[in-house]
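Coordinate analysis (summary)
Chain by chain, the residues run as shown.
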Amino acid sequence: MKAGRPIGGEIKLIHLRKAFPECFDNFNLIYLVSSALPAQVEEIVKVSKSRGAKLVWNQNGVAYPGCYGDFYPWFNRRMATLRDQADYIVNQSEFSRISAERYLGSSTAPSGILFNPVDTEVFSPRMQSLPDGPWRILAAGTSHALYRTKSALDTLRELLSRGQDVHLTIAGEFRWKDAEVQVREAMLGLELHVTILPPFRQEEAPEIYRDSHLLLHTKYNDPCPTVPIEAMASGLPVVGTRSGGMPELVGKECGILVPVEQGWSRDLAGEPGLLADAVECIMENHVVMTEAARSHAVKTFQVGAWLERHREILLEVTSR
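Reference entry: report on the structure contained in this document. Bear in mind the structure is a predicted one, so any value in this text is a computation, not a measurement.

Thoughts on empty space enclosed by the protein
What the rule picks out here adds up to two cavities of 30 Å³ or more. Considered as a void within the structure, the largest cavity measures approximately 90 Å³ in volume. Lining the largest cavity are 14 residues; nearest its centre among them are Ala139, Ala140, Ser143, Arg148 and Thr149. Among the secondary structure elements, those contributing two or more residues to the lining of the largest cavity are strand S5 (135-140), helix H6 (146-161), strand S6 (166-171) and strand S8 (214-217). Considering every element that reaches the lining of the largest cavity, the biggest residue donor is H6, with three residues. Each residue belonging to the lining of the largest cavity can be placed in one class, and the counts come to seven nonpolar, six polar and one charged. Put simply, the second largest cavity is a space of about 70 Å³.

Remarks on the pattern of salt bridges
Taken as a whole and judged by the stated rule, the model has 19 salt bridges. In this structure, the salt-bridge partner of Glu280 is Arg162, at a minimum N-O distance of 2.8 Å. A residue pair is termed long-range when its members are at least 10 positions apart, and Glu280 in helix H11 (residues 272-284) and Arg162 in the loop between H6 and S6 qualify at 118 residues. Among the ionic pairs, Glu204 bridges to Arg201, the shortest N-O distance being 3.7 Å.

Digging into helix H4 (residues 72-83)
A rise of 1.5 Å per residue sets the reference length of H4, with its 12 residues, at 16 Å; its end C-alpha atoms lie 16 Å apart and thus fit the reference within 8%. Listed as buried for H4 are Asn76, Met79, Ala80, Leu82 and Arg83. Within H4, the buried residues cover an arc of 165° as seen down the axis, which keeps them to one side. The outward face of H4, more than 90 degrees from its buried face, is lined by the exposed residues Trp74 and Arg77. Where H4 is buried, its residues touch helix H2 (41-50), strand S2 (54-59), strand S3 (88-91) and helix H5 (94-103).

Quick word on the packing of aromatic side chains
Scanning the model with the defined rule gives nine aromatic pairs in all. With a centroid separation of 5.7 Å and 85° between ring planes, the pair formed by Tyr72 and Tyr103 is classed as edge-to-face. Taken as a pair, Tyr72 in helix H4 and Tyr103 in helix H5 lie far apart in primary sequence, 31 residues in all. Ring geometry for Phe123 versus Tyr209: centroids 5.9 Å apart, planes at 65°, classification edge-to-face. Here Phe123 is found in the loop between strand S4 (111-113) and S5, whereas its partner Tyr209 is found in helix H8 (residues 205-210), with 86 residues between them in sequence.

Let's talk about the environment of Glu316
For Glu316, the position within the fold is in helix H13 (residues 303-318). On the basis of relative accessible area, Glu316 is assigned to the partly exposed category, the value being 34%. Of note is the side chain of Glu316, whose polar atom sits 3.1 Å from the side chain of Arg320.

A word on the packing of H6 against H11
Contact pair H6 / H11: the axes reach a minimum separation of 8 Å and the direction vectors enclose 65°. Here H11 runs roughly perpendicular to H6, going by the angle between their axes. Seen from above, H6 lies across H11 with right-handed handedness. On the side of H6, the interface is formed by Ser151, Asp154, Thr155, Glu158 and Leu159, while H11 contributes Pro272, Gly273, Leu275, Ala276, Val279 and Glu280.

What counts and what doesn't
- Numbering of residues begins from 1 in every chain and follows the order in which that chain's sequence is written.
- The predicted origin of the model limits local features to residues at a pLDDT of at least 70 and limits the giving and counting of side-chain atom pairs to 80 or more, whereas totals for whole chains, interfaces and linings rest on all residues.
- In computing side-chain properties, one takes all heavy atoms of the structure into account and sets aside hydrogens as well as water.
- Only protein atoms enter the 1 Å grid used here, on which a cavity is any set of points holding a 1.4 Å probe that cannot leave and a pocket is any open set flanked by protein within 12 Å on both sides along at least five of seven lines; residues with an atom within 4 Å of a point are listed as lining.
- Grid points are joined across faces, edges and corners, and a volume is the space filled by probe spheres set on the points.
- Where helices and strands are cited, they refer to DSSP runs of H or I of at least four residues and of E of at least two residues respectively, numbered from the N terminus.
- Here the term charged refers only to Asp, Glu, Lys and Arg, the term nonpolar to Ala, Val, Leu, Ile, Met, Phe, Trp, Tyr, Cys and Pro, and the term polar to all other amino acids, Gly among them.
- In the sections that follow, a salt bridge refers to a side-chain nitrogen of Lys or Arg positioned within 4 Å of a carboxyl oxygen of Asp or Glu.
- One fewer than the residue count of a helix, multiplied by 1.5 Å, yields its expected span.
- Exposed residues in this analysis have more than 50% of their type's maximum accessible area, buried residues have under 20%, and partly exposed residues fall in between, with area computed by a 1.4 Å probe over protein chains only.
- The directions from the helix axis to the C-beta atoms form the arc being described.
- Contact between two residues is taken to exist if any of their heavy atoms lie within 4.5 Å; hydrogens are not considered.
- Only centres within 6.5 Å qualify two rings of Phe, Tyr or Trp (six-membered ring in Trp) as a pair; their planes then separate them into stacked at under 30 degrees, edge-to-face at over 60, and tilted for everything else.
- Whenever a nitrogen or oxygen atom comes within 3.5 Å of another N or O atom, the pair is scored as a polar contact, on the condition that within protein one atom can donate a hydrogen and the other can accept it, and that pairs from neighbouring residues in sequence are kept only if both atoms are in side chains.
- For helices, the fitted line uses only the C-alpha atoms of the stretch in contact; every axis is such a line through C-alpha atoms, and the angle between N-to-C directions lies from 0 to 180 degrees.
- Working definition: roughly parallel below 35 degrees, roughly antiparallel above 145 degrees, roughly perpendicular at 65 to 115 degrees, and oblique for all remaining angles.
- Crossings are assigned a handedness: left-handed for a near helix turned anticlockwise from the far helix by less than a right angle, right-handed for a clockwise turn.

Listed below in structure tokens is the structure:
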């Protein structure tokens, strides 16, 4: 795992490392996450496989034209080469599998679908309910393009125009050129209703979730985002778009996903009016949906079950 603040695919490696400590001198298996590849990974795999080690490949998302433009084949080439050498593929969602088949090619390796996990002891609801107002909306996670943050701001603007008392917290890192300037421009007139938090550490995340009523997650074609999973474990219903792996993660009882056009040519945010409708609907049924979100997370994403399934996979692969 890279030095510094773990994000995205690196977070699940924290759980794996605790259960299956790394051994650099005498090992028979390599575990790689497609979105968190180490330096010189090609050479590591080549040498390790020549000595009989097996490769388990955890497939997150892929590059596609709408996100990476004409450069998407270059980004996918590395993933495709490594995935082709896998002895087992863990797909983070059915959408991850479909995306990989489309842009990385077919594979004959054994595979399965295993959603990202959450420690429901760490990510848990607050003991006392938040005040009824203002509604506290959270938009969290690392962003790589303006549309995602602008969508949250546009939804806030729509809710305020309807007379709702709302506050938006944006938490996470902006990772695109001139991001700070563009975000400030997009939030003109909303400054009193927006808090922008600096990039946060994983241990800070539970309190950020607990200080919010719901999560607004508008990233398009997100394969298996951890943020909505952590939010639901913390008792937050989720508003998002019906794209990527989100329909697999967020049930109707614990969130609302608004329709968007399906495709690969461009990234699309949900229509602000529909997202605002979803926020209002959730807040009208907040107590019930909060309980449902927590129950769903405990049942579906518990880290213990995720690790146990990994134990079965690793034993299966190394015993061949």
